[in-house]
Amino acid sequence: MTGQPGRTAKGGAQTSAGDLLDLVRSGRAVTRGALQQMTGLSRATVGQRLDRLFRAGWLREGAGGPVDSPLGGRPAITLEFDGSHAVVLAADLDTRHARAALLTLTGEILADRSGPLVVEDGPETVLDGLGRWFAELLTETGHAPGAVCGIGLGVPGPVDSETGRVVQPPMMSGWDGYDIRGRLSRAFTEHTGSGPVPVLVDNDANLMAYGEQRTGYQDCRAFVLVKVSTGIGAGVVVDGAVYRGVDGGAGDLGHIRVGTEALCRCGSYGCLAAVASGGAVARRLTEAGVPAASGSDVRELLAAGHPEAAALAREAGRRVGDVLATVVTLLNPGVLMIAGDLAGTPFLTGVRELLYQRALPRSTAHLDVLTAKLGERAGLIGAGALVVEHLYAPERVEERLTALGV
């Protein structure tokens, strides 16, 4: 049977060093004996391939596991992914604000910071600012720039996952088709003096959904997160993987037409975002004599219990809930999570009112409708996880081990 160099198969299963690492990381096989059983490889071959992972610093031995044999004997030594050999940088851009963090390979945030970064200032300015933040995070935690294995970035627009470039983003003027990966990698190098690192870019709602699903809902086979801030977008995770559509446009709920004449930032009339986003609520509050420039201002008013803001947020929730009735009927998710500036009781109440009224009972019988658990950390954790899953995928492990000379 032929295959990639260094690979064999049992029943079609790939068994490179990268596949052994994948089995350990997923918990499907965490001893040498279990790896032999799962792959059909000999003890010597398993040992040789594990040795490469040990020399790279990616695996370590853990505590002894249970003794499976009824005859007793020494407990088997377990194998663990060593998440301490590198770190990940992540950033989450909103239209007027950003967050950045340094994370372990297992998703723990070691340090983070946030502040104003306005996407309309353009990619050169914004990405340079993120590079500076990354350098400050490394200095704060005492990590060397060379410990960074990759960078993940979430942006408020549709992203072509093959190129990492945003595609006709309504809220990111000047970013369409821009080489975000290349510029952010250069910004990291310019501010840290380190060599280039891989950069992955995805839509912010996708990364929030990925972070929330992986952290608290791994058993949920169909998971939907709706972010309602300056705009409206959704992230969909199916069978543990982000669903992006053919070119990154999946989940763009904000531009579904809902039969109004309101002008949207995309240039069209009648989009959901034009009447139900945080930006739309901010405009209506301003018209009513309550100054609000953005969804973040609305969030502050809601936190203060402002009655007009609460009433408009509930109305916006009803409009979004009407659209989500179709989404729920189509995807039949187990979890529908609301995140973003408007995520709170008034908006969630409005969503539930229309969702349960319009969707078929069968579609909502096993549905949990709730607000985000991780808050502002969700996109950062999702971005970090995206990098780790990319770099430690079996086929990429082989490339990286070869580059390391092990």
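Placed above this text is the structure.
Residues numbered from 1 in each chain as written. Predicted model: local features only at pLDDT ≥ 70, side-chain atom pairs only at ≥ 80, totals over all residues. Heavy atoms only, no water.

### Re the sheet that holds strand S12 (residues 222–228)
Within a beta sheet, neighbouring strands are joined by backbone hydrogen bonds and run either parallel or antiparallel to one another. The sheet built from 5 strands is open, its strands ordered S14-S13-S12-S15-S16 with mixed pairing. Taken across any chain shown, the strands that pair with only one partner, and hence form the sheet edges, are strand S14 (241–243) and strand S16 (368–371). Sheet twist, expressed as the average angle between the axes of neighbouring strands with direction ignored, equals 25 degrees. Bridge count for S12 against strand S15 (residues 335–339) is 5 bridges, and the pairing is parallel. Residue valine 224 lies in a different strand from S15, and its bridge partner there is leucine 336. Contacting S12, S15 and S16, helix H11 (residues 345–358) runs over the sheet at an angle of about 160 degrees to S16. (Pairing = 2+ DSSP bridges. Helix = DSSP H or I, 4+ residues; strand = E, 2+ residues; numbered from the N terminus. Axes fitted to C-alpha atoms, helices over the stretch in contact; angles between N-to-C directions. Contact = heavy atoms within 4.5 Å.)

### A short note on the pattern of salt bridges
Two side chains that carry opposite charge are able to pair once their charged atoms sit near each other. For the structure on display, the rule yields 26 salt bridges. For glutamate 389, the salt bridge goes to arginine 25, with nearest N and O atoms at 2.9 Å. Of this pair, glutamate 389 sits in helix H13 (residues 378–391) while arginine 25 sits in helix H1 (residues 17–26), placing them 364 residues apart in sequence. A relative accessible area of 26% places glutamate 389 in the partly exposed class. As a salt-bridge pair, arginine 60 and aspartate 82 come within 3.3 Å of each other at their nearest N and O atoms. Separated by 22 residues along the polypeptide, arginine 60 in strand S3 (residues 59–64) and aspartate 82 in the loop between strand S4 (77–81) and strand S5 (87–93) bring together distant segments of the chain. (Salt bridge = Lys/Arg side-chain N within 4 Å of Asp/Glu carboxyl O. Buried < 20%, exposed > 50% of the residue type's maximum accessible area, 1.4 Å probe, protein only.)

### Focus on the environment of valine 369
Relative to the assigned elements, valine 369 resides in strand S16. On the accessibility criterion, valine 369 (6% relative accessible area) is buried. Through-space distance from the C-alpha of valine 369 to that of leucine 110 is 30 Å; in sequence the pair is 259 residues apart. Non-local contacts of valine 369, meaning those with residues more than four positions away in its chain, are made with Leu336, Leu348, Arg352, Leu355 and Tyr356.

### Description of the pairing of strand S11 (residues 199–203)
Across the 5 residues that make up S11, a large majority, 5, are buried. Here 5 bridges tie strand S8 (residues 148–155) to S11, and the two strands are oriented parallel to one another. Within the sheet, the bridge partner assigned to isoleucine 151 lies in S11 and is valine 199.

### Here's the deal with the environment of leucine 348
Inspection of the secondary structure puts leucine 348 in helix H11. On the accessibility criterion, leucine 348 (9% relative accessible area) is buried. In this structure, the C-alpha to C-alpha distance between leucine 348 and arginine 318, residues 30 residues apart in sequence, is 8.6 Å.

### Quick word on the pairing of strand S6 (residues 97–104)
Two faces, one strand: in a regular strand the side chains alternate between the faces of the sheet. With respect to burial, S6 is a largely interior element, 7 of its 8 residues being buried. Pairing between S6 and strand S7 (residues 109–116): 7 bridges, direction antiparallel. Within S7, the position partnered with alanine 100 by the bridge is arginine 113. From the end of S6 to the start of S7, which pair antiparallel, there are 4 residues, and glycine 107 there has a positive phi angle of about 95 degrees.

### Concerning the packing of aromatic side chains
Under the defined criterion, the tally for this structure stands at 3 aromatic pairs. The interplanar angle of 75 degrees and the centroid separation of 5.2 Å between the aromatic rings of tryptophan 58 and tyrosine 392 together place this pair among those described as edge-to-face. Taken together, the residues tryptophan 58 in the loop between helix H3 (43–56) and S3 and tyrosine 392 in the loop between H13 and helix H14 (394–404) connect sequence positions 334 residues apart. Exposure class is identical for tryptophan 58 and tyrosine 392. Each is buried. Ring plane angle 40 degrees and centroid distance 5.7 Å describe the contact between tyrosine 217 and phenylalanine 223, whose orientation is recorded as tilted. Across the pair, phenylalanine 223 and tyrosine 217 agree in class, each one buried. In this arrangement the basic side chain of arginine 25 is found over the ring face of phenylalanine 81, its NZ or CZ atom lying 5.1 Å from the centre. (Phe/Tyr/Trp six-rings, centres within 6.5 Å; stacked < 30°, edge-to-face > 60°. Lys NZ or Arg CZ within 6 Å of the ring centre and 35° of its normal.)

### Topic: the environment of threonine 326
Looking at the secondary structure, you find threonine 326 in helix H10 (residues 307–331). The exposure class assigned to threonine 326 is exposed, which follows from its relative accessible area of 55%. The sequence separation of threonine 326 and arginine 43 amounts to 283 residues, and the corresponding C-alpha distance is 53 Å.

### Some points on the packing of H1 against helix H2 (residues 32–39)
A pair of packed helices is characterised by two quantities: the angle between their axes and the separation of those axes. Two elements in contact, H1 and H2, have axes separated by 11 Å at closest approach and are oriented at 120 degrees. As for how H1 packs across H2, the hand of that crossing is right-handed. Facing Leu20, Leu23 and Val24 of H1, the residues of H2 in contact are Leu35, Met38 and Thr39. For the contact of H1 with H2, a count of residues per class yields 5 nonpolar, 1 polar and no charged. (Left-handed = near helix turned anticlockwise from the far one by under 90°. Nonpolar A, V, L, I, M, F, W, Y, C, P; charged D, E, K, R; others polar.)

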